[in-house]
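Structure at a glance
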There are 2 protein chains.
Amino acid sequence: MHLAILTFDGFNELDSFVALGVLNRVKKPDWRVSICCPTETVTSMNGVTISAQSRIDSVETADAVLVGSGIKTRDVANDASIMSRLKLDPSRQLIGAQCSGTLLLAKLGLLSGVPACTDLTTKPWVQEAGLEVLNQPFFAKGNVATAGGCFSAPYLAAWFIARLHGFEAARDALHYVAPVGDKESYVERAMGNVELYL
Amino acid sequence: MHLAILTFDGFNELDSFVALGVLNRVKKPDWRVSICCPTETVTSMNGVTISAQSRIDSVETADAVLVGSGIKTRDVANDASIMSRLKLDPSRQLIGAQCSGTLLLAKLGLLSGVPACTDLTTKPWVQEAGLEVLNQPFFAKGNVATAGGCFSAPYLAAWFIARLHGFEAARDALHYVAPVGDKESYVERAMGNVELYL
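Scoring rules and cut-offs
- Residues numbered from 1 in each chain as written.
- Chains lettered and ligands numbered in written order.
- Predicted model: local features only at pLDDT ≥ 70, side-chain atom pairs only at ≥ 80, totals over all residues.
- Least-squares fit on C-alpha atoms with pLDDT ≥ 70 in both.
- Contact = placed C-beta atoms within 7 Å.
- Pairing = 2+ DSSP bridges.
- Helix = DSSP H or I, 4+ residues; strand = E, 2+ residues; numbered from the N terminus.
- Axes fitted to C-alpha atoms, helices over the stretch in contact; angles between N-to-C directions.

Below, the discussion takes up the relation of the copies chain A and chain B. In screw terms, the move from chain A to chain B is a rotation of 180° and a rise of 0.0 Å along the axis, fitting with an RMSD of 0.0 Å. What the superposition gives is, in effect, a two-fold axis relating one chain to the other. Looking at the rotation axis and the C-alpha trace of chain A, the residue lying nearest is Ile50 of chain A, at 2.1 Å. Looking at chain A, 100% of its interface residues are interface residues in chain B too, so the copies touch through the same face.

Attention now moves to the sheet that holds strand β1 (residues 2-6) of chain A. Residue and element names in this part refer to chain A. Read across the sheet, seven strands follow the order β5-β2-β1-β6-β7-β9-β8 without closing on themselves; strand pairing throughout is mixed. Looking at strand neighbours, the two that pair on one side only are β5 (54-55) and β8 (138-141), the edges of this open sheet. Two elements, strand β7 (residues 94-98) and strand β9 (residues 144-147), share four bridges in a ladder whose sense is parallel. Counted as the bridge partner of Gln98 is Ala147 from β9. Set on the sheet, helix α6 (residues 153-165) makes contact with β1, β6 (64-67), β7, β8 and β9; between it and β7 the angle comes to about 175°.

Below, the discussion takes up the sheet that holds strand β9 (residues 144-147) of chain B. Residue and element names in this part refer to chain B. The strand order across the open sheet built from seven strands is β5-β2-β1-β6-β7-β9-β8, with neighbouring strands paired in mixed fashion. Looking along the sheet, the strands with just one partner apiece sit at the ends: β5 (54-55) and β8 (138-141). Two elements, strand β2 (residues 32-37) and β5, share two bridges in a ladder whose sense is parallel. Along β5, the bridge assignment pairs Cys37 with Arg55.

Here the focus is unusual backbone geometry. Backbone geometry places Cys99 of chain A, a non-glycine residue, at a positive phi of 50°. Looking at the secondary structure, you find Cys99 of chain A in the loop between β7 and α4 (101-107).

Shown next as structure tokens:
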């Protein structure tokens, strides 16, 4: 079971790493989560260079793909050499997008006729691509989910876990990372955003 | 103004990168936030290798130091070659610790007589070091703050911003990263944990 977190140059650290941290709370031998990049290294929007854990061609065989966000997503959307390698298939994969990642799913035609979530900066570009943008942090239909605002990243991660390992596994993952002294209410709020779409 | 986020091998991505992302919402020419490491590269608890943006010797001259968390913090606490280089001075620096980072501040004697926050895994080690551990996500006294549970990281970052640039700047930073459709209530909850200590 491979979950690939697509992470491009100029990426938003919160979006890729909150997903990575929450998804890795699942402790199963066949559970693999990777930061997946088009190049061997990428540098974040705040200048942190990281090494890829998998490469972009592996998205085709991944069981789940989470499209991260960043300040160069519009460049990625116009880069045929990258877009042509994003061979996503919601009939056999779970697919999610965080913030500006939603723009890439829109350009790939994976959100036709479905409203979507994204961040406030990306919102006009997603609308320009013909989509209805929701004023809420999370939405999913079938095997495709979108989330908006960095701290909706745990909701998107919880959705992946709930779909692949059940509701309780998602709750447990969020409970671990929730603030001390506020864990129960954090988990309730978070799962309240996700459970409508399971 | 340099804020160093101490990040060691085996680090928790959520703790270092949530701090980095939130702190970098402050857009001022003299505001510099760096991932600060003992070595040129470090590898996270989930296997992501990153390059340092500053090196550990720069903590002595940093204006603010945030001690990140990780799965090897007890090894760091017993490594004199690292601990001797952590020249922190709360009389002239803001100092914060996230989760297991609290253990390092305890070992450095910076939490004497002060209760502290940490994560549930680190709690017994911090208690063993003689500290009272609070069942709450955030606490600060004077120039030293501690936070417990990964998603208390935004509270710690907000405290640094509020202390250095004021309450409204902290609110603005959190508002940007908060989930879409829930931004006001997220910011209220988060700042509610911080404002008692400003």
